[in-house]
Amino acid sequence: MARKMLIDGEKGNPNGEEAHYDFDLFVIGAGSGGVRASRFSAQYGAKVGICELPFHPVSSEVIGGVGGTCVIRGCVPKKILVYGASFGPELQDARSFGWELNERLDFDWKKLLHKKTEEILRLNGIYKRLLANSGVKLFEGEGKVVGPNEVEVTQLDGTKIGYSAKHILIATGSRAQRLPIPGQELAITSDEALSLEELPKRAVVLGAGYIAVEFASIWRGMGATVDLFYRKELPLRGFDDEMRAVVARNLEGRGINLHPNTNLTELVRTEDGIKVRTDHGEELMADVVLFATGRAPNTKRLNLEAVGVELDKIGAVKVDEYSQTNVPSIWAIGDATNRMNLTPVALMEGGYFAKTVFGGEPTKPDHTNIPSAVFCIPPLSVVGLSEEQATEQANGDVLVFTSTFNPMKNTISGRQEKTFMKLVVDSETDKVLGASMCGPDAPEIMQGIAIALKCGATKAQFDSTVGIHPSAAEEFVTLRSVTRRIAAGKPKTNL
Amino acid sequence: MATSLGTPKLSSPALQTLCTYKFSISSFSLTHCNKLPIFRNFNSLSPNPRRICSPSFNTAVRAESANGSEPARHYDFDLFTIGAGSGGVRASRFAANFGASVAVCELPFATISSDSTGGVGGTCVLRGCVPKKLLVYASKYSHEFEESLGFGWNYEAEPKHDWNTLIANKNAELQRLTGIYKNTLKNAGVKLIEGRGKIVDPHTVDVDGKHYSAKNILISVGGRPFIPNIPGSEYAIDSDAALDLPSKPKKIAIVGGGYIAVEFAGIFNGLKTEVHVFIRQKKVLRGFDEEIRDFVGEQISLRGIEFHTEELPQAILKSSDGSLSLKTNKGTVDGFSHVMFATGRGPNTKNLGLETVGVKLSKNGAIEVDEFSRTSVPSIWAVGDVTDRINLTPVALMEGGALAKTLFANEPTKPDYRAVPSAVFSQPPIGQVGLTEEQAINEYGNVDVYTANFRPLKATLSGLPDRAFMKLIVCAKTDKVLGLHMCGEDAPEIVQGFAVAVKAGLTKADFDSTVGIHPTAAEEFVTMRTPVRKVRSTTSEGKADSEIKAAAGV
């Protein structure tokens, strides 16, 4: 089965000592991590093959596309829809600045959807060219691992071809999961949500993670009625509690109906739409029900168990600090390893993999102080520790500096929405352990702050930086008064 | 929040008052628990503090608290501040927090400043940063309307702008802010005196005939726009007037290439005024990084502003129909409803009595001060635009805060002018910190330059020709990031965090080790892998980077 194919221009093994392989590296999955690892490995001189499923906006076991989740079903299309949705409230605000607009503003979902698809197709093409330009051989089809140095690609017509590779890299990412409740087939995941034929008038979102709050914001901004259900008291588990409360307040302020501590129990198709039942006995009707209840690694059909690659309970590939699995020739990066499921982290892991394996420079990705953003409206962005984490981890007392303010734009628009910022500081070392912000431009603002945190900047260094006036960001360098001091080892009360 | 005076962002006055109250109390008590031990340490560790601070400061908090070795003269105030703008209010409040008795005088409120009008809050709040930014917000909408078309939004009729609504809302906000500032002073225990302050002697200030004695006098009277004296200059307006016109200009000539000129050009262009900008040089924004100057000029032109380069205004002529013509060395352009001069600002040092007490001024009328903001008269100090150091609100705040510390917290503090970031709210805006490429080459010789010039995600959908440009200048020897520049949407917000990094002396390697936030524009600053050029004092090697740039996102 694992017949070796000769590739054009293939070099013979010059010293004849090592086993001959078709490729130095074969990558399964051409998303952010896989493409980065392939390109960089090729730049180090490795001969690289990569396989990816055929393109489609909605993924499954057999469809995907070069570019992966980020480009086709994640960051990029999501951000495009967030831009589209943000215009809704923005345009409302324009009136106070003197602009005369129609009472009702018209929004054409199909036009945006069409332009979004155009854009991701363009990016998909760019990614393919990037691979071609760096000399990476792209195969379309489903990849499987059949031995420590053998992969098999099932092509579109069903034929299977085997390739040998000195190293195999698993970069197959992850996929949205559905909640197993009656009528679950009526619900959609984020994949479909990015490609709906019609804009829903009534949307129900289940989930508390970033995907849930982002889609709730998108649909609300476009004018839909949105009901957001989640199991806990607050959305965005894992984030700083105070920030979670701020996000919840803002979502509500923007007109999203929040249903904390609530689960969905059943979905029923009716003539009027989908009837949604909750565990509180409520019923409501929806045009669309989105399950944003988590994502799982795409490892099921890779045949990993057969070659002895260890997986964890949820199916993530277990790797060491260098992204190597327990089978030394097999490596894994990105969401498939479920470390920190972010595009730039997959890029880092992919780049460091190439450096380690082909650059002669073993490099561990560093997963500390990685900034991230939630593109709800207004967005949240964080880097470093939450107040709760800091209280747990710091040796000494933790100083918390916060600022709540009405953004200048709101002074004219009258929008009642505060921006909230926070720095968490170790009182012994003066190091800034965490920074967070919820408000317009937070993700853009946080990037520079992230460098400072990554390099161990102190509060004194923040204070010695002069502000840029008038900006929201300047608040981060003008936080003078401690909002609270938390004694070492004493977490503040839970929200 | 309330502690950062330069950033008035609260909506309801009641809430503001509440917060101000709460915060000034907390900062006051914090001040005490933090500063008092330092005060003691300072004395015990250094028996002769004069050795540490070059000028000799008498740091007794109150005149009456002097220890008796020298007879204390009684003054009405420990500090009398002339001018309640950003710097003056900051210095006064902080001084009061340190326990000093403080008075500040300011002219009565008016949107347009003169020898007899001003207002608590000063240029920043009443005639600068704040109203300017509010108008930038308003004018940016026309671009957003265009963008939104690409995202599926439609307008039955083209949105029209009503100038009066905007100006009324803006003025209501300014009234609110000047009220907040007054409250802030009051809550800090600073006595506010309305009137024109004039120095009588090194320890006496005259306000409209009434004399006040003070141990220290602070001059923080700021600057004012300056219109050159050419025929017809009486028809011209300055930025004060431009922020408060009774009606929107139909066609405006803006003379000048500085940040005020490009900001107002963007404002009026966004509000659908026909805008012509006349600049003396080939490019706008002298002093900024050359590549940024080129880029912003190009982007501004694409939005429909017409530039007239290397043109010097010679006269303004008024025709019988009331329209104005601007005559320059190259010709005459007719049909302007307004001609605005943004040709510079000068320090407000006239009629302050400075010459009589011997306070030295520079050639352009700015007050000369030492590193601690002290003038040639030991009891007289000056901060902010009146000293013409770096004329930015946050710098005046820094100088004011440092002065309060120096005088009343026994902690002589020099303002630190390294890596002061700044922004230009042109459309698109600019943010920058550190050195320009030209400065860096002069100072360090060998530098590596990284740039990114890209079409933001929003523009790929909107179809508009908007781009963003980013630039890092790195010291080849130490790897330190010497300068960081950006022109593009959100640049001022983006640059603030990077300013912390640049100020802290971080290296390019530190930038590279930071993970990006995806998808943002800002992440480009941490994903610049290959220099576009390595400038060496002997030779300069160039390298095309377009392909690498295209790949940066992957």
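This structure is a prediction, so every number in the text was calculated from the model and none was measured.

(A) Structural detail: the sheet that holds strand β10 (residues 202-206) of chain A. Residues and elements named next belong to chain A. Ordered in space as β12-β11-β10-β16, the four strands form an open sheet in which the pairing is parallel. Edge positions in the open sheet fall to β12 (257-259) and β16 (288-291), since each of these has one partner strand only. Neighbour to neighbour, the strand axes of the sheet diverge by 15° on average, direction disregarded. Two strands pair when backbone bridges link them, and β10 and β16 are joined in this way by four bridges, in the parallel orientation.

(B) Representation of the UniProt feature "active site" (unreviewed entry) in chain B in the model. UniProt's feature table lists "active site" (unreviewed entry) at B:His518, given in the numbering used throughout. Residues within four places of B:His518 in sequence aside, it is in contact with A:Cys70, A:Cys75, A:Thr343, A:Pro344, A:Phe375 and B:Glu523. For B:His518, the side chain forms a polar contact with the side chain of B:Glu523, separated by 2.8 Å.

(C) Examining helix α8 (residues 290-302) of chain B more closely. Residue and element names in this part refer to chain B. Taking 1.5 Å as the rise per residue, α8 with 13 residues should run 18 Å; its terminal C-alpha atoms sit 19 Å apart, in good agreement. Contact partners of the buried residues in α8: α7 (259-270), β12 (306-308), β20 (430-434), β21 (447-454), β22 (468-475) and β23 (481-487). Of the residues flanking the start of α8, the one acting as N-cap is aspartate 289, its side-chain oxygen 3.0 Å from the backbone nitrogen of glutamate 291. Positioned one or two residues after α8, glycine 304 has a phi angle of 105°, which is positive.

(D) Quick look at the interface of chain B and chain A. At the interface, 95 residues of chain B touch 91 residues of chain A. In total, about 8,300 Å² of surface goes out of reach between chain B and chain A, with carbon and sulfur atoms giving 65% of it. Run the count over chain B and chain A and you get zero salt bridges. Inspection of the region where chain B meets chain A yields 22 residue pairs in polar contact (both at pLDDT 80 or more). The dominant element in the side of chain B that touches chain A, judged by the number of residues it contributes, is helix α4 (residues 129-149) of chain B, at 13 residues. Grouping the constituent residues of the side of chain B that touches chain A by class yields 49 nonpolar, 27 polar and 19 charged. Of the strand pairs in this sheet, strand β4 (residues 106-107) of chain A and strand β3 (residues 153-154) of chain B are connected by two bridges, and their pairing is antiparallel. Paired with A:Asp106 across the bridge in β3(B) is B:Asn154.

(E) Representation of the packing of aromatic side chains. In the structure shown here, the tally under the stated rule is 26 aromatic pairs over all chains. Their ring planes at 65° and their centres at 5.9 Å tell us that A:Tyr83 and B:Phe151 sit as a pair that is edge-to-face. In this pair, A:Tyr83 sits in helix α3 (residues 75-94) while B:Phe151 sits in the loop between α4 and β3, so the two residues belong to two different chains. Judged on exposure class, the residue A:Tyr83 and its partner B:Phe151 are both buried. An aromatic cluster is defined as three or more aromatic residues linked by ring pairs; in this entry it consists of A:Phe97, A:Trp99, B:Tyr137, B:Tyr141, B:Phe145 and B:Tyr155. The cationic tip of A:Lys47 hangs over the ring face of A:Phe23; the distance from NZ or CZ to the ring centre is 5.4 Å. Above the face of the A:Phe401 ring, A:Lys459 is positioned so that its terminal group lies 4.1 Å from the ring centre.

(F) How the structure looks around α3(A). Residues and elements named next belong to chain A. Here α3 is 20 residues long and its end C-alpha atoms lie 28 Å apart, about the 28 Å a rise of 1.5 Å per residue gives. Its maximal kink placed at glycine 88, α3 deviates by approximately 30°, while the proline proline 89 follows within four residues. With 17 of 20 residues buried, α3 is to be regarded as a mostly interior element.

(G) Looking closely at the sheet that holds strand β14 (residues 273-278) of chain A. Residue and element names in this part refer to chain A. Pairing is antiparallel in the open sheet, where three strands are placed in the order β13-β14-β15. Each edge of the open sheet is held by one strand with a lone partner, namely β13 (264-270) and β15 (283-286). Each strand axis lies, on average, 25° off the axis of its neighbour in the sheet, ignoring direction. Examined bridge by bridge, β13 and β14 share six bridges and lie antiparallel to one another. From the neighbouring strand, leucine 264 faces β14, where its bridge partner is threonine 278.

(H) Inspection of the nonpolar core at higher detail. Counting 222 residues, the largest nonpolar core has A:Trp219, A:Phe476 and B:Ile254 as the members making the most contacts within it. Considering every element that reaches this core, the biggest residue donor is α3(A), with ten residues.

(I) Focus on the pattern of salt bridges. Using the criterion set out here, one finds 53 salt bridges over all chains in the structure. The residue B:Glu158 makes a salt bridge to B:Lys272 at a minimum N-O spacing of 3.3 Å. Linking B:Glu158 in the loop between β3 and β4 (160-161) with B:Lys272 in the loop between α7 and β11 (274-278), this pair joins segments that are 114 residues apart in sequence. With a closest N to O distance of 3.3 Å, B:Arg389 and B:Glu399 form a salt bridge. Here B:Arg389, found in the loop between β18 (380-382) and α10 (393-408), pairs with B:Glu399, found in helix α10; they are ten residues apart in sequence, far enough to count as distant. B:Arg389 gets classed as partly exposed once you look at its relative accessible area, which sits at 25%. Overall, the relative accessible area of 1% leaves B:Glu399 in the buried class. Salt bridges sharing partners connect three or more residues here, namely A:Asp240, A:Glu242, A:Glu387, A:Lys422 and A:Arg484.

What counts, and at which threshold
Within each chain, residue numbers correspond to sequence positions counted from 1 in written order. Chains carry letters from A onward and ligands carry numbers from 1 onward, assigned in written order. The predicted origin of the model limits local features to residues at a pLDDT of at least 70 and limits the giving and counting of side-chain atom pairs to 80 or more, whereas totals for whole chains, interfaces and linings rest on all residues. Excluding hydrogens and water, the side-chain values take into account all heavy atoms of the structure. Here the rule is simple: two strands pair whenever DSSP picks up at least two bridges between them. For helices the rule is a DSSP run of H or I covering at least 4 residues; for strands it is a run of E covering at least 2, with both sets numbered from the N terminus onward. Axes here refer to lines fitted to C-alpha atoms; in helices the fit is confined to the stretch in contact. Angles between the N-to-C directions go from 0 to 180 degrees. UniProt positions are given in the numbering used here, feature names are shortened, and annotations may be inferred rather than shown by experiment. Throughout, a contact is declared for two residues whenever any of their heavy atoms are within 4.5 Å. Each polar contact in these results corresponds to two N or O atoms within 3.5 Å; when the atoms are within protein, one needs to be able to donate a hydrogen and the other to accept it, and residues that are neighboring in sequence are counted only if both atoms are side-chain atoms. Here the expected length of a helix is defined as 1.5 Å per residue gap, with one fewer gap than residues. In this description, buried area is defined as the sum, over both parts, of the accessible area (probe of 1.4 Å) that is lost when the two are combined. One side-chain nitrogen of Lys or Arg within 4 Å of one carboxyl oxygen of Asp or Glu is enough to make a salt bridge. Side-chain classes follow a simple rule in which Ala, Val, Leu, Ile, Met, Phe, Trp, Tyr, Cys and Pro form the nonpolar group, Asp, Glu, Lys and Arg form the charged group, and the remainder, Gly included, forms the polar group. The pairing test for Phe, Tyr and Trp rings, Trp by its six-membered ring, is centres within 6.5 Å, and the orientation test on the planes gives stacked under 30 degrees, edge-to-face over 60, and tilted for anything in between. We call a residue buried when its accessible area falls under 20% of the maximum for its residue type, exposed when it is over 50%, and partly exposed in between, using a 1.4 Å probe and counting protein chains only. Whether a charge lies above a ring is judged from NZ of Lys or CZ of Arg, which has to be within 6 Å of the ring centre and within 35 degrees of the ring normal. Two axes define the bend at a residue: one fitted to the seven residues ending there, one fitted to the seven starting there, and the bend is the angle between them. Side-chain atoms within 4.5 Å link the members of a nonpolar core, which is a set of buried Ala, Val, Leu, Ile, Met, Phe, Trp, Tyr and Cys residues.

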